[in-house]
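The lines below spell out each chain.
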Amino acid sequence: SKLSALSLKGEYVCSVCTRCVVTCNVALPFTSMSDYVSARLASPPENVYLLLPSGDSICFGVFFDEKASKSLVRCDLCRKFLVLGASRSTLRLSTHRTGVDCQKRAGRQVRAWEANRAKDEAETASYYLFHNTGVSEPDSGDVTPTLTPRPSFANFRFSESFTAPTAVYGQQPENDIIASNLPFQTAHLEMFCKGQWVDWYPGSVWDTYAYQQHEHKLIPWTLVGVEGRRVRLQSKKCKKYLESIHEPNEAVCSACADLLQSPKLKRFMERASGDALPRTPWMYLNFMQIRKILVSLARKAKRYELQARNRGRYVSRLSKKLDDYKRLVMMLSQNKIAGVSTILAISLRKGESPQAIYSKMENAINGTYAPRSGWTEREFDIAFLAKALSGSRLLYVLQKAEGYPSNTTLRRRRPISEMKVSTGIPSTEVDANISAFMGAGGRKPPSPDNILIGQTLMIDGVALEETCRYEHQDGIILGVCREHSGSPGVPRLLVDGIEDIENMAKAIFADKICHHGKDGTVVAVAPETGTENYSPIPIVLSPSCKSETGDKLAHWVMEVLSRYRKNPDGERRHGKITKVATDGESSFRTMRFIIGLVKAIKRETALGGILYHLPGLNVFTGLDGLLTTCDPKHIIKRFATMIRSPAGIQLGNTVLKSDDFFLALTIFKSVTEKQASLLLSPADKQNVPQAVNLLQTLLEVQDIHTIMNPTHLVKVRAAIFFATIMGYFLFPFIKVEMTLSEQIQSLSTYSHLITAFHLRHRSGFMNNALFGDSQAIVKSIIITTARFQTIQPTIKHHILFEGTDRLEGVFSHVRTQDHARNFDVLQLAHKLSVGAEIDAIFARHPDLYKGHTRRNLSGAHGVDHVNPKSWTGDAEVGKVDLKDKYLAGRNEADRLLTDYLRNSKQPVKTVDWDTYFHNRTRDHLRPEGEYIGSRAADQDPGDDDSEELLDNLLHLADGVSTDMVQSAGIQIDSELDFVPQILNPSEETRRTTPYLTVGTRQRHIDALFAEMLVSDKARKSTIRTLRAQGVTIAETITRQRGQKIDSSEHQIDGDVIKCGDLGGFLVCVADKVCLAVGEVLNFRQGTSRNNLQAVNIDDLESGTGTKLTSVAVQVLDLSSDVQVDGVANLSWEWTENYIQTSRGKDGVTNPKHFTARLPGKSFYPLGPDVKVGRNDQPVWSLEHSDLITTLKDAWESLNPDADEIITNVELLPEIFGEGLPYKTSVGIPNFMIDNPPVQLEKLAAKDQVPCKLCGKILRLNQMRNHVGGHILRSLRTREFELLVVKVVIGLNPCGWCGLQGCKTRMTRKGKTTSISSNCAYHYSKMVYSRALISSESMPCTNVPVSCPICPSGQDQQSPTFWKYNLIHHMTENHIDEEERLPPFPAELRLSAHISRLEEERMGVELANTIRYRTQHDLMNSDALEDPMDDPMNVTVVDDESWDPSGYRKRAASVLSQASSSASRQPSSSKVQRTGESG
């Protein structure tokens, strides 16, 4: 019962008979034998496993309690039996082992075991004492003491929470147990273990055994005996008693016997048998090993002692050198020595001593020594940057202060790559430039991951001074335009003598078969996107006279692309060119259409799979997927030009002028009038920040519903909407917080909006060139984003790199490299080379480059250049759903358009995009099936600089004196120092000397060029705005001398009428003359194209000549509003719409279809009232009585009783539209002139009409010739009987119809002749100059003629009569009381003369002609028939030789005969008419 755990495995002797041997194979962990009776192992044996938290598992045997019929398992800690569940669950066992009760019970058992162990150790000690003292053992007859077998704990494992028993059992030998307590007894007397003998093969036990390891308890045995080379070892786990029947025969227990197989003993002997390993701890060493180590250490000590002595002598020498170095360091710290690093590098390379270095330093301080070599590549780069960025003076300072190489040394030893100028169409120079600037010594290539991003080919022009320069390396002339330099007859460019220069001067100045290059075309290559090293690298420079067409430009651009593709330093090194970008110049635009719209992207490709889901997107590209695009900055500048332009912008039925945008800016006083004038000033169209600021300021206008002026409300609403459309294009390039998804959606909105308005107004909304360029940009950005998605979704697409803006940055750097803001082609080539070298140095040494500052541009105004570091929005292409954002932009465009049309009271009509673009021949670039912007009619007038703009800019040239006019041409001579301008002087030149023999003198080539090949007007203006237009300094001075500068203090005095005011005027609508009410858009005076915002009302009424004022108006649509008092209080209210003034083709409208310009005297200002309309918006209201009064005044001003009424009515503007004449709510027309004395509806030339004299059916354009025959024959004969219709031809018949009473009036203005008439047969399209000439098909020359004798009317025009009615006009208007006529002016005789040939062609016989001339004393000469005769030399009949009295008498008789015998038949085929009464 004292056993805590009893193992019965093994063979034992029966304790009853002492003869039987019992074998037991089962371990029964019972505390008492009583448990053995009630609980037995299950049969067959079963086990259960318990998983511990440490990951180990414990196997438990399953017991079966026969009494309770339950399965049990015994706890390994406290020995308690626990019942297992039906499914053998160990949950109860696991819970029990972690419980407090189990821990307490286990603790009590451990304490009981420790007490028994102490008692057993005492008994064992007494046994060993008796055995080792030699006391005789008891006789064999004595009863052998029963020995208890050692208990074994090998089959038991304890939990982690109870480790004390395991630790005790594992470290201490188990004790004997009192024999009286054992159930079995052994059969032998000698049962004690004496240890295991082991052969010690390492050698002597005394030398090779590591005794000290026993002290540290590192080995599991005890040395109990030594015999020669044998040792007796007793295991620390020795049982001390022999347990089995075999152990007594061997006299050693199993634990000690196991030492023979112990790995530790094996390693112990192995360590003892050989030399100790390095760094072995001393406790593992034996005596022999320690002795060897000590001997080795003694030898090392002697060797180290010798080495220390040698080192001492060496240190003494070094200390002396150290003193020299200390003196050198002190010198460096106390003196500033130029080029100290170079001096040290040279000295170290030569292996000089510190004393020699010290001496050199002293000489350098004294100025007697300076290094001439030894500079590093970094120092050369820094020296070049100092010279390039700040000039040679800074380099000289660095040379003296820091020892950098001098300017001469830098140019000689560090040549840079030089730009080759293309003297003709670019060819081999392209390869040289690509290798120079993009090869190993140029730009770093992109990483392999980014090479597929691609490169952009940028093309732009920069103004050049029109001079020729001599290129010394190749010995050729530079500066001649590429368009004509290779043309037939143009002299060669190679210079071998003075005659070559003379020939070129003759070709340029005298023959003009070639020209100076006024513009330098620069082609550069840059990555499409990136955050570092994205500056353009120029590869082409070619001077141009700007006469090159788009197809020729496309030809050599394709040549450049081909050479880049084939060059090993081109596409293979930097990636292929995927995009060509230019500005908005017309030839560039044509080139883009030629090379960029060749074939469509295939639908089955990955890129096509994305793009074909975007309806309306043009999918055509150039060869190999090449895209073409324009510069967004140019588009933004042209937006501002549209706003400032006087041409107007059509937005629905509203025409916007620059004055309307001025009103929108100033109406809420947030912007002063001065600031608004600056924003709208056209003086600097190239100012991008001003253009951006203009659009941003317009978009900030809010609360427009508070505007009470109805006209202002409509105009401001339209202006803000137009700015909103432009903002959808602007913001993606300047709002740094926008993500790429938001940018795509915004650009899609812009694209759909301008397409919708283009379908409504064509170029009336936006000129075709600007439309095509901006749509090309949107297309390029979307396709590029899709292409990046197919390459790598993590690419960041910065659309701010679109276009040529980076090339503009290169030009700005070129202009700031020195003090010369202008340059010729050779200087430009040198500066481009220097700029490329600067970029390459910064790429090699990023620490020297400050880089772009990450500015906070959120909400900034006037943003121009934005860099990727400042962009905060996410530009990763993989996060963009192109289809979703593209369609979202389309929906936003439809919503904006619908809201604007609804708020503007206009018909809401949007585009069904899916249906419209279902036809693949229509897209945003070709909304009608034809590409917009590629035609000659599509040129942008905003691209051309007008003379008016130049005059406005000239006052900016304040610092230009008259002396500069002379110096502009000869300044080149005075500036040249005749040192050849060579970028790399170390290179060989074609000529050994820069001089040519001229006569007997030696002249420098550069001096000859300046004298013979430089124009007097070569120097361009230093003002940027003028320089961009090619204006020279001489032209600036010349213009300034005659310039008239209006005083800014000039104010209009008196009553004024302003833009936005209302007025009435007469218009023609079909066959009616009625009153229209218009809103003033602007005023103009004389022939000036400048629009005025206000004029004095006196100038409006009485202006003449240069003060003659015209008014541009929009016609208001009015509706009647009858008050309760009836018609007396009838008023007219504006519907907030405008009436279309003319028809547009295919329903397309533009500003000219909604505007009209009329003389100021025809415009009658009105005073409207403001009232709240149906939609709670302010509208104009006009009284009916005021409009009636205006109608009467306007009609009276046309002088209806005079002949000039015909001209005055026909000069009235013609209005097409359903809104005029104005009608009341019940449809009654108002404000019309009853029976106007003019035929307003004219017949067409081919209309068939009957002759009113004979009834013959003829076309209208033949009727004048036919009627003229009747009139002429009636004047020459008396036969009336042939007339089918018996109508008397009067004395003053109409030349159109032949009847009396029609009024015809001719008006001359300059070289223009116009004819007005109220005749129904008036042929308004008659060409007067052709009608004056008699021909076979049209012999009649009866045309209206102005009388030079009659006084002029109010319109400064003379009265008009028909040529065949000369005699009637003279007798009726110019005969005096004595029946005499005034002298006939020569011009009258010339214009009224009828030739014989004409009368013959008209059917008048020669005899009748002569008789008529004789009777009336008319000139009978046909000299005027020859058109080469001088009319001033014609012999004129005496003024008093013609007696009109006979004409009057004959006329009276003819009228009386006609009235009495109208039915008589004529006697012959000829009809003669001598006179008729009026």
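Residues numbered from 1 in each chain as written. Predicted model: local features only at pLDDT ≥ 70, side-chain atom pairs only at ≥ 80, totals over all residues. Heavy atoms only, no water.

1. Notes on the overall build of the protein
- Broken down by element type, the protein carries 47 helices and 40 strands.
- Taken over 1478 residues, the protein has a buried fraction of 48%.
- Long-range contacts, defined as pairs at least 24 residues apart, comprise 71% of the intrachain contacts of the protein with a sequence gap of at least 6. (Helix = DSSP H or I, 4+ residues; strand = E, 2+ residues; numbered from the N terminus. Buried < 20%, exposed > 50% of the residue type's maximum accessible area, 1.4 Å probe, protein only. Contact = heavy atoms within 4.5 Å.)

2. Comments concerning the pattern of salt bridges
- Using the criterion set out here, one finds 39 salt bridges in the structure.
- Of the charged contacts, one joins D275 and K292 as a salt bridge, the two residues approaching to 2.9 Å between their closest N and O atoms. Of this pair, D275 sits in the loop between α9 (263–273) and α10 (287–334) while K292 sits in helix α10, and the two are 17 residues apart along the sequence.
- Looking at D275, the relative accessible area reads 56%, which means it is exposed.
- What makes K292 partly exposed here is its relative accessible area of 43%.
- Residue K360 pairs with E352 through a salt bridge whose shortest N-O separation is 3.1 Å.
- In this structure E352 comes out as partly exposed when scored by relative accessible area, which is 24%.
- The network of salt bridges with common partners includes E377, D381, R414, E837 and R844. (Salt bridge = Lys/Arg side-chain N within 4 Å of Asp/Glu carboxyl O.)

3. Here we look at the confidence of the model for the protein
- Counting all residues, the mean pLDDT for the protein is 77, and 78% of those residues have values of 70 or more.
- Note on residues 1–13: pLDDT under 50 across the span, and 47 contacts to partners over four residues away in sequence or across chains.
- Residue range residues 1038–1053 is modelled with pLDDT below 50. Its contacts to residues more than four positions away, or to other chains, number 17 contacts. (pLDDT = per-residue confidence, 0-100.)

4. A look at helix α25 (residues 688–699)
- Compared with the 16 Å implied by 1.5 Å per residue over twelve residues, the 17 Å span of α25 between its first and last C-alpha is a close match.
- Listing the buried residues of α25 in full gives V688, Q690, A691, V692, L694, L695, Q696, T697 and L698.
- Lining the buried residues of α25 we find α22 (632–644), α23 (658–666), α24 (673–679) and α26 (710–734).
- A side-chain oxygen of the first residue of α25 lies 3.1 Å from the backbone nitrogen of Q690; this N-cap is N687. (Expected span 1.5 Å × (residues − 1). Polar contact = N/O pair within 3.5 Å; in protein donor to acceptor, adjacent residues only side chain to side chain.)

5. Regarding a nonpolar patch on the surface
- Residues I290, I293, L294 and L297 make up a contiguous nonpolar surface patch of roughly 330 Å² in combined accessible area.
- Note that L294 resides in helix α10.
- Overall, the relative accessible area of 54% leaves L294 in the exposed class. (Patch = residues over 30% accessible without salt bridge, like charges linked within 9 Å, V, L, I, M, F, W, Y side chains within 5 Å. Areas by Shrake-Rupley, 256 points an atom, 1.4 Å probe, with all protein chains shown as cover.)

6. Thoughts on the packing of aromatic side chains
- Evaluation of the coordinates by the stated rule reveals 27 aromatic pairs.
- Aromatic side chains W375 and F380 sit 6.1 Å apart centroid to centroid with 70° between the ring planes, which places their arrangement in the edge-to-face category. The two residues W375 and F380 agree in class, both being buried.
- Linked through ring pairs, F661, F721, F722, F757, F765 and Y900 together constitute an aromatic cluster.
- Directly above the ring of Y304 sits R303, whose terminal nitrogen or CZ lies 5.5 Å from the centroid. (Phe/Tyr/Trp six-rings, centres within 6.5 Å; stacked < 30°, edge-to-face > 60°. Lys NZ or Arg CZ within 6 Å of the ring centre and 35° of its normal.)

7. Section: the sheet that holds strand β10 (residues 221–227)
- One open sheet holds the three strands; their spatial order is β9-β11-β10, and the pairing between them is antiparallel. Looking at strand neighbours, the two that pair on one side only are β9 (196–199) and β10, the edges of this open sheet. This sheet shows a mean twist of 35° between the axes of neighbouring strands, independent of strand direction.
- Here four bridges tie β9 to strand β11 (residues 230–235), and the two strands are oriented antiparallel to one another. Bridge pairing links V198 to V231 in β11. (Pairing = 2+ DSSP bridges. Axes fitted to C-alpha atoms, helices over the stretch in contact; angles between N-to-C directions.)

8. Overview of the side chain of R592
- The residue R592 is located in helix α20 (residues 586–596) in this model.
- Here R592 falls in the buried class, since its relative accessible area comes to 3%.
- The contact partners of R592, leaving out residues within four places of it in the chain, are T582, D583, L597, T628, T629, C630 and D773.

9. Description of the nonpolar core
- Core analysis: the largest hydrophobic core is formed by 96 residues, its most contacted members being F722, Y750, F765 and M766.
- Among the elements that make up this core, the one with the highest residue count is α26 (15 residues).
- If you look at the next biggest cluster of nonpolar residues, it comprises 65 residues, including V557, V580, A836 and L1013. (Core = buried A, V, L, I, M, F, W, Y, C linked by side-chain atoms within 4.5 Å.)

10. Quick notes on the packing of helix α13 (residues 377–390) against helix α14 (residues 392–402)
- Running from N to C, α13 and α14 cross one another at 145°; their axes reach a closest spacing of 6 Å. Residues A383, A386, K387 and S390 of α13 pack against S392, L394, L395 and L398 of α14.
- Looking at the contact of α13 with α14 residue by residue, the classes come out as five nonpolar, two polar and one charged. (Nonpolar A, V, L, I, M, F, W, Y, C, P; charged D, E, K, R; others polar.)

11. Digging into the environment of L50
- Within the secondary structure, L50 sits in strand β4 (residues 47–51).
- Sequence separation of L50 and S94 is 44 residues, and the distance between their C-alpha atoms is 7.4 Å.
- In this view, L50 contacts D56, S57, I58, F60, T90, L93, S94 and R97; residues no more than four positions away in its chain are not counted.

12. Quick word on the sheet that holds strand β12 (residues 455–463)
- Across the sheet, which stays open at both edges, the five strands sit in the order β16-β15-β12-β17-β20 with mixed pairing between neighbours. The sheet is open, and its two edges are formed by β16 (537–544) and β20 (627–630), each paired on a single side. Neighbour-to-neighbour, the strand axes of the sheet open up by a mean angle of 20°, direction not taken into account.
- Bridge analysis of strand β15 (residues 519–527) against β16 gives seven bridges, and the strand direction is antiparallel. Within β16, the position partnered with G520 by the bridge is P543.
- Those strands touched by helix α29 (residues 805–815) are β12 and β15, and its axis lies near 45° from that of β12.

13. A few points about unusual backbone geometry
- Note the cis peptide between L1220 and P1221, where omega equals -10°.
- Structurally, P1221 is set in the loop between α40 (1204–1210) and β35 (1248–1250).
- Despite not being glycine, N533 has its phi angle at roughly 55°, a positive value.
- Non-glycine residue F1231 carries a positive phi angle of around 60°.
- Note that F1231 resides in the loop between α40 and β35.

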